[in-house]
Amino acid sequence: EDQVTQSPEALRLQEGESSSLNCSYTVSGLRGLFWYRQDPGKGPEFLFTLYSAGEEKEKERLKATLTKKESFLHITAPKPEDSATYLCAVEGQFYFGTGTSLTVIP
Amino acid sequence: DTGVSQNPRHKITKRGQNVTFRCDPISEHNRLYWYRQTLGQGPEFLTYFQNEAQLEKSRLLSDRFSAERPKGSFSTLEIQRTEQGDSAMYLCASSLAGTGISSYTFGSGTRLTVV
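Nothing here was measured: the structure is a model prediction, and the numbers come from that model.

*Asks:* Which parts of the structure should I look at to understand the overall build of chain B?
*Replies:* What chain B contains, in helices and strands, is zero helices and eleven strands. Against the compact-globule benchmark of 13 Å for 115 residues, chain B has a radius of gyration of 13 Å, which places it among compact chains. Only carbon and sulfur atoms are counted for the fraction: they give 43% of the accessible area of chain B, which is about 5800 Å². Of the charged side chains in chain B, 14 are positive and 11 negative, and the gap between their average positions amounts to 6 Å.

*Asks:* What is the right way to read the side chain of B:Thr13 from this model?
*Replies:* Inspection of the secondary structure assignment puts B:Thr13 in strand 2 (residues 10–13). With near-sequence residues (within four places) excluded, B:Thr13 lies in contact with B:Val19, B:Thr82, B:Leu112, B:Thr113, B:Val114 and B:Val115.

*Asks:* Any chance you could explain the interface of chain A and chain B here in plain terms?
*Replies:* Accessible area lost on assembly of the parts is the figure often given for the size of an interface. Across the boundary between the two partners, chain A contributes 21 residues, which contact 21 residues of chain B. Between chain A and chain B the total buried area reaches about 1600 Å² when both faces are included, carbon and sulfur atoms providing 62% of it. Linking chain A with chain B are zero salt bridges. At the junction of chain A with chain B, the criterion picks out two residue pairs in polar contact (both at pLDDT 80 or more). Those elements giving two or more residues to the side of chain A that touches chain B turn out to be strand 4 (33–38), strand 5 (45–50) and strand 9 (84–90) of chain A. Of the residues contributing to the side of chain A that touches chain B, the split by class is nine nonpolar, nine polar and three charged.

*Asks:* Would you explain the state of the cysteines in this entry?
*Replies:* What we call a disulfide is simply a covalent bond connecting the sulfur atoms of a pair of cysteines. According to the stated counting rule, one finds two disulfides over all chains in the structure shown. Sulfur-sulfur distance for the disulfide between A:Cys23 and A:Cys88 comes to 1.9 Å. Between A:Cys23 and A:Cys88, the S-S torsion sits near 80°, and that sign places the bridge as right-handed. Pair noted here: A:Cys23 is in strand 3 (residues 19–25) and A:Cys88 is in strand 9, with a separation of 65 residues, a long-range link. For the pair A:Cys23 and A:Cys88, a shared accessibility class is recorded, and that class is buried. One disulfide bridge connects B:Cys23 with B:Cys92, the sulfur atoms lying 1.8 Å from each other. In this structure, the disulfide formed by B:Cys23 and B:Cys92 twists by about -65° around the S-S bond and is classed as left-handed. Of this pair, B:Cys23 sits in strand 3 (residues 19–24) while B:Cys92 sits in strand 9 (residues 88–95), and the two are 69 residues apart along the sequence.

*Asks:* Before we go on, may I ask you to explain the environment of A:Thr85 in this structure?
*Replies:* Within the secondary structure, A:Thr85 sits in strand 9. Those residues within four positions of A:Thr85 in sequence are excluded, and the remaining contacts are A:Tyr36, A:Arg37, A:Gln38, A:Gly99, A:Thr100 and A:Ser101.

*Asks:* Please clarify how the pattern of salt bridges should be interpreted in this entry.
*Replies:* The tally for this structure, following the rule as stated, stands at eight salt bridges over all chains. Across the pair A:Lys57 and A:Glu55 runs a salt bridge, and its minimum N-O distance is 3.8 Å. For A:Lys57, a relative accessible area of 27% puts it in the partly exposed group. Owing to a relative accessible area of 18%, A:Glu55 belongs among the buried residues under this scheme. Here the salt bridges share partners, and the residues they tie into one network are B:Arg64, B:Glu83 and B:Asp86.

*Asks:* Looking at this model, I keep getting lost on the packing of aromatic side chains. Mind explaining?
*Replies:* The relation between two aromatic rings is expressed through the spacing of the ring centres and the mutual angle of the planes. In the structure shown here, the tally under the stated rule is 16 aromatic pairs over all chains. Consider the rings of A:Tyr36 and A:Phe46, whose centres lie 5.8 Å apart with planes at 70°: the pair is edge-to-face. Taken as a pair, A:Tyr36 in strand 4 and A:Phe46 in strand 5 lie far apart in primary sequence, ten residues in all. Residue class for A:Tyr36 comes out buried when judged on its relative accessible area of 0%. On the basis of relative accessibility, which here comes to 32%, the residue A:Phe46 falls in the partly exposed class. On the numbers, 5.4 Å between centres and 40° between planes, the contact of B:Phe21 with B:Tyr90 is tilted. Taken together, the residues span a long stretch of sequence, with B:Phe21 in strand 3 and B:Tyr90 in strand 9 at a distance of 69 residues. With a relative accessible area of 0%, B:Phe21 lands in the buried category. Ring pairs connect the aromatic residues A:Phe34, A:Tyr36, A:Phe46, A:Phe96, B:Tyr33, B:Tyr35, B:Phe45, B:Tyr48, B:Tyr104 and B:Phe106, which therefore count as one cluster.

Thresholds applied
Residues numbered from 1 in each chain as written. Chains lettered and ligands numbered in written order. Predicted model: local features only at pLDDT ≥ 70, side-chain atom pairs only at ≥ 80, totals over all residues. Heavy atoms only, no water. Helix = DSSP H or I, 4+ residues; strand = E, 2+ residues; numbered from the N terminus. Rg over C-alpha atoms; globule rule 2.2 N^0.38 Å. Areas by Shrake-Rupley, 256 points an atom, 1.4 Å probe, with all protein chains shown as cover. Lys, Arg positive; Asp, Glu negative; His and termini not counted. Charge placed at Lys NZ, Arg CZ, Asp CG, Glu CD. Contact = heavy atoms within 4.5 Å. Buried area = accessible area lost by both parts, 1.4 Å probe. Salt bridge = Lys/Arg side-chain N within 4 Å of Asp/Glu carboxyl O. Polar contact = N/O pair within 3.5 Å; in protein donor to acceptor, adjacent residues only side chain to side chain. Nonpolar A, V, L, I, M, F, W, Y, C, P; charged D, E, K, R; others polar. Disulfide = S-S within 2.5 Å. Buried < 20%, exposed > 50% of the residue type's maximum accessible area, 1.4 Å probe, protein only. Phe/Tyr/Trp six-rings, centres within 6.5 Å; stacked < 30°, edge-to-face > 60°.

Okay, here's the thing in structure tokens:
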């Protein structure tokens with residue numbers, strides 16, 4: 001069964017403490033994997049699309065990478081404003097992971 | 001056209017009442033999706049349209065739920081005989097199919113509270 005799993009469920013970091021969020025998938029024939037950021041009470045906001053294993057994309061303190069089985073969202077020297085829930089989804093399957101709730105403490 | 005618009009932003013209703021939500025997608029997007037999201041969970045797929053055709057429905061979409069996209073533009077999601085378990089954020093998203101991989105653009109959602 002196609003599935004998208006994110007870990008950890010929640011992550012608390014000190015400001016400046018780098019870390020990674022994981023999104024693993026079992027979808028066959030992946031065409032694209034999306035990362036989104038969601039702030040409380042708002043809809044998800046698009047961050048990245050990754051198409052093939054080995055691909056990397058960066059935006060400010062965020063870098064997304066993709067392998068054949070998982071994707072990582074690396075956060076370098078996070079700031080409190082990076083606090084949000086980060087969601088991943090696969091193209092064409094409509095499935096989202098349950099998200100990682102990130103809290104960055106000043 | 002600045003994005004996906006959802007109305008109302010908030011809805012409080014009594015159990016047993018019917019409610020209807022509206023979604024206006026990005027005008028050139030031919031796909032429209034409805035998701036439901038409860039606290040601490042990711043969005044759960046409900047249904048999607050390509051133009052006016054409803055192509056897939058999740059088993060989460062009970063017979064109390066109905067969605068329409070009559071002219072392939074805006075969409076409505078109606079919940080009949082609401083239950084407390086229907087309380088959630090209802091998200092609409094749109095995308096452009098047929099031109100390669102396209103990410104979803106989400107609206108800000110309609111938060112439903114059933115009391």
